[in-house]
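# Per-entry structural report
Given next are the chains, with one letter for each unit.
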Amino acid sequence: MINFKVLTLFPEVFEVLNSGIIGKALQNNLFEVNVTNIRDYSTDKHKKCDDYPFGGGAGMVMTPEPIHNAIMAV
């Protein structure tokens, strides 16, 4: 059986896989999808996983600690 491991900040996006043809394939154990929420591995009390970019600029960057902890757990 094929097993996909997905690390994401938005696990609810992958709930759509439980419907349609892909949902039937999951029910018949043709493959498996394990979704891990990276926020669960943040040591920050607010489960923060992002920070402002150093040196300025628009947007946000992910902090490496929760990503590393999630990868090591999976």
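As a reminder, the structure under discussion sits directly above these lines.
This report concerns the structure included in the present document. Counting restarts for each chain: residues are numbered from 1 in the order of the written sequence. The predicted origin of the model limits local features to residues at a pLDDT of at least 70 and limits the giving and counting of side-chain atom pairs to 80 or more, whereas totals for whole chains, interfaces and linings rest on all residues. Values reported for side chains reflect all heavy atoms of the structure, with hydrogen atoms and water molecules removed beforehand.

### A word on the overall build of the protein chain
Applicable threshold: Secondary structure elements are taken from DSSP: a helix is a run of H or I of four residues or more, a strand is a run of E of two residues or more, and numbering for both begins at the N terminus. Each radius of gyration reported is based on C-alpha atoms, and the globular scaling rule is 2.2 Å times the count of residues to the power 0.38. Every residue pair with non-hydrogen atoms within 4.5 Å of one another is taken to be in contact. With residues, only the protein chains shown are counted as cover, and all accessible areas are computed by Shrake-Rupley using a 1.4 Å probe.
Secondary structure assignment for the protein chain yields two helices and four strands. Ordering the α and β elements of the protein chain from the N terminus gives β-α-β-β-β-α. Taken over C-alpha atoms, the radius of gyration comes to 16 Å for the protein chain, far larger than the 11 Å a tight globule of 74 residues would show. On the principal axes, the C-alpha backbone points of the protein chain span a range of 50 × 25 × 20 Å. Considering only contacts in the protein chain between residues 6 or more positions apart, those separated by 24 or more positions represent 55%. Roughly 5,600 Å² of accessible area belongs to the protein chain as shown, and the carbon and sulfur atoms make up 59% of that amount.

### Comments concerning helix α1 (residues 20-27)
Think of an α-helix as turning once every 3.6 residues; residues three or four places apart then point the same way. What counts here: Burial classes: relative accessible area under 20% of the type maximum marks a residue as buried, over 50% as exposed, and values in between as partly exposed (1.4 Å probe, protein chains only). Starting at the helix axis, one direction is taken to each C-beta atom, and the arc is that of these directions.
Those residues of α1 not exposed but buried are Gly23, Ala25 and Leu26. Buried residues of α1 fall within an arc of 160° about the axis and therefore sit on the same side. Turned more than 90 degrees off the buried face of α1, the exposed positions are Ile21, Lys24 and Gln27. Turning to α1, the residues buried within the fold contact β2 (31-37). Positive backbone phi, approximately 60°, marks Asn29, located one or two places after α1.

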